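# Structure assessment
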Amino acid sequence: MSAFVVAACSTTKVIPQGQSRLKANRIIVENSKDYLSSDLQPYLKQKPNTSFIFGWNPFLNIYNWSNGKGKGWDKFVQKLGQAPVIFDSTLVASSKTNMYNHLVYDGYYNSSIRDSIVTKRKKSTVYYKVKLGRQYVIDSISYSIADPKLAGFIYADTVNSLLHNNDILSENRLEQESGRVEEYLRNNGYYGFSKNYFFFEADTLSGDGKASLNVTVADYTRNELAKNGRPHRQFTFGDVYIRPMRSNFQNRIQMAQIGDSLGRSEFARRVQGLRTLDTSYYRGTYIIHNGKPLLRKSVLARMNTIKKGELYNEQSVANTYRRFSNIGVFGSVNVQLEESDSSTVKTNIQLTASALQGYKLNLEASTNSSGLFGIAPTLSYYHKNIFRGGELFTLSFMGDFQFKLNEDVRSTEFGVSSSLSIPNFLLLPNRLFHSVLMPKTEVAVSYNYQDRPEYIRNIISASYGYSWNTRNNRMFFKINPVQVNIVKLTNLSESFYESLKDPFLKNSYQNHFDFGLGASLYYTTDASPDPKKSYFYLRWQNDIAGNLLSLFNKAFSQNEQGERLIWGSPYSQYYRGEITAVYTWKFGKTNRQALASRLLVGAGTGYGNSIQLPFEKLFWAGGAYSLRAWQARTVGPGHAPEDTTFSIPNQTGDIRLEANLEYRFPLFWSFDGAVFVDAGNVWNVRRSYSEADKEEISSAAEQAGVFKFNTFYKHIAADWGIGLRLNLGFALLRLDWGMKIYDPPTDLWMGPGSWFKKGNYGIQFGVGYPF
């Protein structure tokens, strides 16, 4: 038995005799406590296996479960696990060279690096002892620029220079400064200018640790001789050409200059003799593609920020590329620049049309051990160019059905929504359009019908807003200055309504009218649909309603509760915010393994004309994208028991906290596996009840759902589970089995003997990752 345990825990079993696993690299900076040794880690030629907690990597152990026969079992554990890094002593010297060169780059000259290797039980640790070399302080800065016009630009911008007296002299800082000036000049007409025209000379012969720095901007590059020098020239933008192309058309031809049109006969003459015929050209006010109007020329002109006659600006080129890429009509965009003469740059923009229409199907399903089933399908149609101006139109139909097979208990929800995204800022000044990247105006309307045993609810919603993103495609903004919701309840069960003793909860079940605004911010380190490397994103959303209407309270009538009414219904006044942070760490061969984590915090409250958040704005937890051992809306609030006044659970709260951790790994073919842990809950804020209401309400039940800073952590629901994913390329199908670890209402921690009992697990089906 002990031999089996040792073998199972080994990380060196598969390593041949005479070799060892690289356990760690230890970098010790002997003469400085301020210099971070971690700054030198990237320059090591060989690195050990990654680790998770306290230096432990379970996948390294799994790989060593191999029995050495090379058959099915070995292939399975080797694919699931992680191969040990075999120590290569020949890479130590090159690692030292890399670190030495980086220290010089950082401004440490004549540093020394010593190494030693310690090997025990087939595990090697390499120690690098670093003694930092001398640094020099910039004492004076002078410039040598032969071109007087260029000198004027550079001198005028020295206020933004990264080089200052008393700074440490380093190649790193010099490289940053030359790159900064390159960008500055290329945005001021100097097409083709590069940092390779910079030459730096530092005089350190004074011996006092100071350096006199001379910055030369020559008319030849570092890779050329002085005799190859040529004057620096400022350029303006010349003609701008649009070339709508077919993706399989390799012999690209010039189509038409913006503002001109090209007739069919002329088009045919130009392509005569070519094997593949491109059927895109201009006619009237449209681009014609495959015989049909594709896009208005005015839209192309608006997307284009490159203007003939203006000074060359590299940022305008980048913005134009991003705008054409993000409009959605083109599958690929290629912007080519070419000197047409000594002072102008011709621009060729090649556009390849993409598929404009399509459908999307999403399906979410769940069940639990109590026999409650849930199915939520969504079918969407989209058109990326509905009015030939790059407008994105979507039409979606959704359903949400919950039921028990052997009982007359069911809930039905239908919804239809439509939206139109226009690549322009409507009703706003034109100057705002040119100051942001990919501006859009978005209009949306929806209708939702809910039929539950207790009531029927109808919701009509509409919104109008603007969205845009930053130049680096990392920050995305959306503002809805207008958001409207009209909520009407019918067939409200009198017995159900009377059973609601809590006046705050009763307030949620009434007709109401919302008028407010919303905003969201999304930041990501990788905006691609399927990031190949580790990435992080942060999403912040908030809604605020009723403040504008409250200015006209005196004009509105009141009901018995003192609420102001619009069209016979109270208007809602509230704030609701939610922040989600997700980090996904990818590793392993081809980065197919991942450790994904999420933290979610949300809170809201009613005020003024509302004592409570509207029911549709309350938070809930559980389901395929939340706590997966519970079905949607079956968790919380706090450790309160399930509210039996609902035939189908409908647990909600004013606050939501949730954290998730999921390990994803490849299995075989297109199947991936997952192991996950979820934790979280919803809570209510503390409420002030009248004496009469206190007599009707169970104090224990009310307190069980209230968020308290000193006790909320005791009532966090937790589960763990396993999952199977089928990656079809165009969609990822997901099946998760979640098992409860801690259930707040029962205050029970559950072990393996309880995971398969009724009420203690949930099965979830979804499309896409949960976060």
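Residues numbered from 1 in each chain as written. Predicted model: local features only at pLDDT ≥ 70, side-chain atom pairs only at ≥ 80, totals over all residues. Heavy atoms only, no water.

Secondary-structure assignment places Gly-399 in strand 16 (residues 392-404). For the pair Gly-399 and Ile-375, spaced 24 residues apart in the sequence, the C-alpha separation amounts to 7.9 Å. If sequence neighbours within four positions are ignored, Gly-399 has contacts with Ile-375, Ala-376, Pro-377 and Glu-413. (Helix = DSSP H or I, 4+ residues; strand = E, 2+ residues; numbered from the N terminus. Contact = heavy atoms within 4.5 Å.)

The next point concerns the pairing of strand 26 (residues 574-587). Here eleven bridges tie strand 22 (residues 535-545) to strand 26, and the two strands are oriented antiparallel to one another. The residue bridging Trp-540 from the neighbouring strand is Ile-579, located in strand 26. Relative to strand 27 (residues 593-606), strand 26 is paired through 14 bridges, and the arrangement is antiparallel. In the strand pairing of strand 27, Tyr-583 is matched with Ser-597. (Pairing = 2+ DSSP bridges.)

Glancing now at the confidence of the model for the protein chain. Chain-level pLDDT for the protein chain is 86 on average; 89% of the residues reach the 70-or-more range. For the stretch residues 1-8, pLDDT sits under 50, and the model shows two contacts to residues farther than four places along the chain or on other chains. This model gives residues 248-279 a pLDDT under 50, and the stretch forms 66 contacts once residues within four places in sequence are excluded. (pLDDT = per-residue confidence, 0-100.)

For helix 6 (residues 171-186), spanning 16 residues, the distance from its first C-alpha to its last is 22 Å, which sits close to the expected 22 Å at 1.5 Å a residue. Taken residue by residue, helix 6 has Leu-174, Glu-177, Ser-178, Arg-180, Val-181, Leu-185 and Arg-186 as its buried positions. Those residues of helix 6 hidden inside the fold are in contact with helix 5 (148-156), strand 5 (198-203), strand 6 (210-217) and helix 9 (314-326). (Expected span 1.5 Å × (residues − 1). Buried < 20%, exposed > 50% of the residue type's maximum accessible area, 1.4 Å probe, protein only.)

Before going further, it helps to examine unusual backbone geometry. Look at the link from Gly-636 to Pro-637: it is a cis peptide, with omega at -5°. Along the chain, Pro-637 falls in the loop between strand 27 and strand 28 (655-668). Phi is positive for Arg-121, close to 50°, though the residue is something other than glycine. Structurally, the position occupied by Arg-121 is in the loop between strand 2 (112-120) and strand 3 (123-131). Phi is positive for Leu-427, which is not a glycine, with a value near 65°.

With that settled, consider the nonpolar core. Ranked by internal contacts, the top residues of the largest apolar core, which has 25 residues, are Phe-324, Phe-330, Ile-349 and Leu-351. Sorting the residues of this core by element identifies strand 7 (236-245), strand 11 (292-296), helix 8 (297-303), helix 9, strand 12 (330-339), strand 13 (344-353) and strand 18 (437-451) as the ones contributing at least two each. Once residues lying within four places of it in the same chain are set aside, the contact partners of Leu-351 are Ile-242, Arg-243, Pro-244, Met-245, Leu-300, Phe-324, Phe-330, Ser-332 and Val-333. Listed in part, the 19 residues of the second largest apolar core include Val-181, Leu-185, Phe-198 and Val-217. (Core = buried A, V, L, I, M, F, W, Y, C linked by side-chain atoms within 4.5 Å.)

Here the focus is the pattern of salt bridges. Opposite charge on two side chains permits pairing when their charged atoms draw close. Summed over all chains, the structure comprises 25 salt bridges. The closest approach of N and O atoms between Arg-628 and Asp-678, which form a salt bridge, is 3.0 Å. Of the two residues, Arg-628 sits in the loop between strand 27 and strand 28 while Asp-678 sits in strand 29 (residues 671-683), which places them 50 residues apart along the sequence. Accessibility expressed as a relative area gives 0% for Arg-628, which makes it buried. (Salt bridge = Lys/Arg side-chain N within 4 Å of Asp/Glu carboxyl O.)

On the surface, Lys-23, Arg-26, Lys-120 and Arg-121 cluster together to form a positively charged patch. One can find Lys-23 in strand 1 (residues 21-29). (Patch = residues over 30% accessible without salt bridge, like charges linked within 9 Å, V, L, I, M, F, W, Y side chains within 5 Å. Areas by Shrake-Rupley, 256 points an atom, 1.4 Å probe, with all protein chains shown as cover. Lys, Arg positive; Asp, Glu negative; His and termini not counted. Charge placed at Lys NZ, Arg CZ, Asp CG, Glu CD.)

It is worth spelling out the sheet that holds strand 4 (residues 137-145) at this point. Strand order in this open sheet of three strands is 4-6-5, and the pairing throughout is mixed. Single-partner strands in this sheet number two, and they are strand 4 and strand 5. Recorded for the sheet is a direction-independent mean angle of 20° between the axes of neighbouring strands. Alignment of strand 5 against strand 6, held across six bridges, turns out to be antiparallel. Across the sheet, Phe-198 pairs through a bridge with Val-217, a residue of strand 6. Where helix 5 meets the sheet, it contacts strand 4 and strand 6, and its direction lies at approximately 150° from that of strand 4. (Axes fitted to C-alpha atoms, helices over the stretch in contact; angles between N-to-C directions.)

Next up on the list: the side chain of Arg-180. One can find Arg-180 in helix 6. Of the residues examined, Arg-180 reaches a relative accessible area of 19% and is grouped as buried. Within polar-contact distance, the side chain of Arg-180 engages the side chain of Asp-157 at 2.5 Å. Setting aside residues up to four positions removed in sequence, Arg-180 forms contacts with Asp-157, Asn-160, Ser-161 and Leu-162. (Polar contact = N/O pair within 3.5 Å; in protein donor to acceptor, adjacent residues only side chain to side chain.)

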